[in-house]
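Listed here are the chains, written in short residue letters.
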Amino acid sequence: RVMVNLPMSVIDKALPMLPQEHLRRSHIHMEEWDLSLGELRELWREVQDTPDATFVTVEDGDERVRVWKEGGYFKVSVVDGHGGETVDVKLPARVVDALLSGEGEELNLAAAFEALRDAGAGDLVTISGQNEQVRVWIDQIAEAR
């Protein structure tokens, strides 16, 4: 069992230490699909302008993928019935807005973390499988042991 508790203030201080060349990669590559940051911003504006809805549902045997927008959150759920693994992502839309607020072809990580801090407590990512469980969340109370 591994537990990591990072206060947002530590993350804020660590952000400027990241090599800038890693923050300037402005393309998202997914197999044969290549999306520029400008195209991603345009796509995100369209998503924001739509009412809550399911955008993608894929069912293939025991595997299911769903991508949707609901109550100010962008959500993704992946269920692999064969391996017994489930991945759920719940990202506040305002965090994506802040991330995409960078100039030109740069992401604004500092603004995204500030928006994440302001979003309050809650789960962001949960992964559960037969032998593993991962949870990433925002907690308002620091735990000292």
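The sections below set out a description of the structure shown in this document. Keep in mind that this is a model prediction, so the values were computed, not measured. (Residues numbered from 1 in each chain as written. Predicted model: local features only at pLDDT ≥ 70, side-chain atom pairs only at ≥ 80, totals over all residues. Heavy atoms only, no water.)

1. Looking at the sheet that holds strand β7 (residues 122-128)
Stage number 1. The six strands lie next to each other as β3-β4-β5-β6-β7-β8, forming an open sheet whose pairing is antiparallel. Because the sheet does not close on itself, it has two edges, and the strands there are β3 (53-60) and β8 (133-138). The mean inter-strand angle of the sheet, taken between neighbouring strand axes irrespective of direction, is 10°.
Stage number 2. For β7 and β8, the ladder comprises six bridges, and the chain directions are antiparallel. Paired with serine 128 across the bridge in β8 is glutamine 133. (Pairing = 2+ DSSP bridges. Helix = DSSP H or I, 4+ residues; strand = E, 2+ residues; numbered from the N terminus. Axes fitted to C-alpha atoms, helices over the stretch in contact; angles between N-to-C directions.)

2. Things to note about the side chain of serine 77
Stage number 1. Structurally, the position occupied by serine 77 is in strand β5 (residues 73-80).
Stage number 2. Engagement of the side chain of serine 77 in a polar contact is seen with the side chain of aspartate 88, the distance being 3.0 Å.
Stage number 3. Residues within four places of serine 77 in sequence aside, it is in contact with Arg64, Val65, Arg66, Trp68, Val87 and Asp88. (Polar contact = N/O pair within 3.5 Å; in protein donor to acceptor, adjacent residues only side chain to side chain. Contact = heavy atoms within 4.5 Å.)

3. Side note on the nonpolar core
Stage number 1. Met8, Ile11, Val95, Ala98, Ala112, Ala115, Leu116, Leu124 and Ile138 together form the largest nonpolar core, which totals nine residues.
Stage number 2. Those elements that place two or more of their residues in this core are α1 (8-14), α4 (93-99) and α5 (109-119).
Stage number 3. Among the elements that make up this core, the one with the highest residue count is α5 (three residues). (Core = buried A, V, L, I, M, F, W, Y, C linked by side-chain atoms within 4.5 Å. Buried < 20%, exposed > 50% of the residue type's maximum accessible area, 1.4 Å probe, protein only.)

4. Side note on the packing of aromatic side chains
Stage number 1. All told, the structure shown has one aromatic pair when counted by the stated rule.
Stage number 2. Each ring, one from tryptophan 44 and one from phenylalanine 74, has its centre 5.6 Å from the other, and the planes form 80°; the classification is edge-to-face. Separated by 30 residues along the polypeptide, tryptophan 44 in helix α3 (residues 37-49) and phenylalanine 74 in strand β5 bring together distant segments of the chain.
Stage number 3. Look at tryptophan 44 and you get buried, because its relative accessible area is 10%.
Stage number 4. When the ring centre of tryptophan 68 is taken as reference, the NZ or CZ atom of arginine 66 above it lies at 3.9 Å.
Stage number 5. A cation over a ring is seen here: arginine 135 above tryptophan 137, with NZ or CZ 4.0 Å from the ring centre. (Phe/Tyr/Trp six-rings, centres within 6.5 Å; stacked < 30°, edge-to-face > 60°. Lys NZ or Arg CZ within 6 Å of the ring centre and 35° of its normal.)

5. Quick notes on the pairing of β3
Stage number 1. Sheet topology places β3 next to strand β4 (residues 63-70); seven bridges connect them, and they run antiparallel. Pairing of threonine 57 across the sheet is with arginine 66, part of β4.

6. Focus on the environment of leucine 124
Stage number 1. Mapped onto the fold, leucine 124 is located in strand β7.
Stage number 2. Judged by its relative accessible area of 13%, leucine 124 falls in the buried class.
Stage number 3. The spacing of leucine 124 and lysine 75 is 49 residues in sequence and 9.4 Å in space, taken between C-alpha atoms.
Stage number 4. When sequence neighbours within four positions are dropped, the list of residues in contact with leucine 124 reads Asp88, Val89, Lys90, Pro92, Leu116, Val136, Trp137 and Ile138.

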